[in-house]
Every structure is written in C-alpha cells, then in structure tokens.
Amino acid sequence: MESPIKFEEVDIATILKTLPHRYPFLLIDRVINIRADYSGIGVKNVTINEPAFQGHFPERPVYPGVLMIEGMAQTAGVIGITSVEGTEKPRAVYFLTIDKCKFRKPVMPGDIVEYHMRSIGRRKTMWWFHGDAKVDGITVAEADVGAMLTD
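Residues numbered from 1 in each chain as written. Predicted model: local features only at pLDDT ≥ 70, side-chain atom pairs only at ≥ 80, totals over all residues. Heavy atoms only, no water.

A. Region of interest: the side chain of Lys44. Within the secondary structure, Lys44 is located in strand β3 (residues 39–45). In this structure the side chain of Lys44 is engaged in a polar contact, spanning 3.0 Å, whose partner is the side chain of Glu50. With residues near it in sequence (within four places) discarded, Lys44 still touches Leu27, Asp29, Glu50, Tyr63, Asp111, Ile112, Val113 and Tyr115. (Helix = DSSP H or I, 4+ residues; strand = E, 2+ residues; numbered from the N terminus. Polar contact = N/O pair within 3.5 Å; in protein donor to acceptor, adjacent residues only side chain to side chain. Contact = heavy atoms within 4.5 Å.)

What follows is the structure in structure tokens.
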C-alpha cells in the first residue's frame, strides 16, 4: 500500500524558496507526489537550450549523467526540506555520498526526466535516498544519494 500524499506538487516558485540553487545549476522544474514516507518525483524538462549541450556534445547532445545525479539530490532536498515538521526550515542541503550509481541510457533534448526518489535512511539532519531517473517509464540512471540538511 502506498503512503499518503503530503504535497501533490511543489512548483518552481516554491523550489526557488526551498533550495539555494539558481540557473544554470537548478536542475529540476517541479516535484510531485511527495508522500508521508519521504518519497516523491522530481521532474526535469530537458531542452536543447541547456548550457551543458554547448560542450556535451554539440554534434550529438547527450544530457550529462552527473547532472541527473545532481537532479536526484535536488529532488531529495526538496522532499526532505518540505517534510521537516516545525517552524524552522533548513536553508541548505549538502551532498554527502553517491553510491551504486549506474547510467543505463542516454537522455536527449526533448526528454522529460522523472527522478523517483525514496528515503532509505535518516539520522538527525542526514538523509539517504535511492533514486531512479526515468524517461517514459524506462530507467536511464540510478543511484543512492546522501545529503545533510543544515542552517
């Protein structure tokens, strides 16, 4: 049985209030279906206008895998920060770990990447998530990421 949804959608305006990242390093457009079990889905619309495509690779644009891992971490950050109970919200998210990372298929301009993130552990201000990046329901990358929420 799936956990109940706490937040149906976190839009870009709320993401900008939640995360410190800005262009060109804000790598998610929205987060949907944040559940009480600390899972959710980040959405990234990949366009040819991405700065990375100027060099990766101009003749055959492929969205860099490391940017997908960062998108996973940003999605996990939004899930963690919006899920913290109480009035004092953390203001920063710092990457701690990347484990079991695999890239399975290239992502191209026009693709919509969904970062399916679920919590796999938490200790005080540290969170660990498993992420599956999917395009049209097919896994294109996966990783376990750890982050620390801080003031």
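B. The sheet that holds strand β1 (residues 5–10), seen in detail. With antiparallel pairing, 7 strands are arranged side by side in an open sheet as β1-β2-β3-β5-β6-β7-β4. Only two strands of the sheet have a single partner each, and these edge strands are β1 and β4 (92–103). Along the sheet, successive strands turn relative to each other by an average axial angle of 20°, direction set aside. The sheet contact formed by strand β6 (residues 126–135) and strand β7 (residues 138–150) spans 10 bridges and is antiparallel. Looking at the pairing, Met126 lines up with Met148 of β7. Sitting on the sheet, helix α2 (residues 65–83) touches β1, β2 (30–35), β3, β4, β5 (112–123), β6 and β7, and the angle it makes with β4 is about 135°. (Pairing = 2+ DSSP bridges. Axes fitted to C-alpha atoms, helices over the stretch in contact; angles between N-to-C directions.)

C. Structural detail: the pattern of salt bridges. Per the counting criterion, the structure on display carries 5 salt bridges. For Lys44, the salt bridge identified is with Glu50, shortest N-O distance 3.0 Å. For the pair Lys44 and Glu50, one class covers both residues: buried. For Glu142, the salt bridge identified is with Arg104, shortest N-O distance 2.9 Å. Of the two residues, Glu142 sits in strand β7 while Arg104 sits in the loop between β4 and β5, which places them 38 residues apart along the sequence. (Salt bridge = Lys/Arg side-chain N within 4 Å of Asp/Glu carboxyl O. Buried < 20%, exposed > 50% of the residue type's maximum accessible area, 1.4 Å probe, protein only.)

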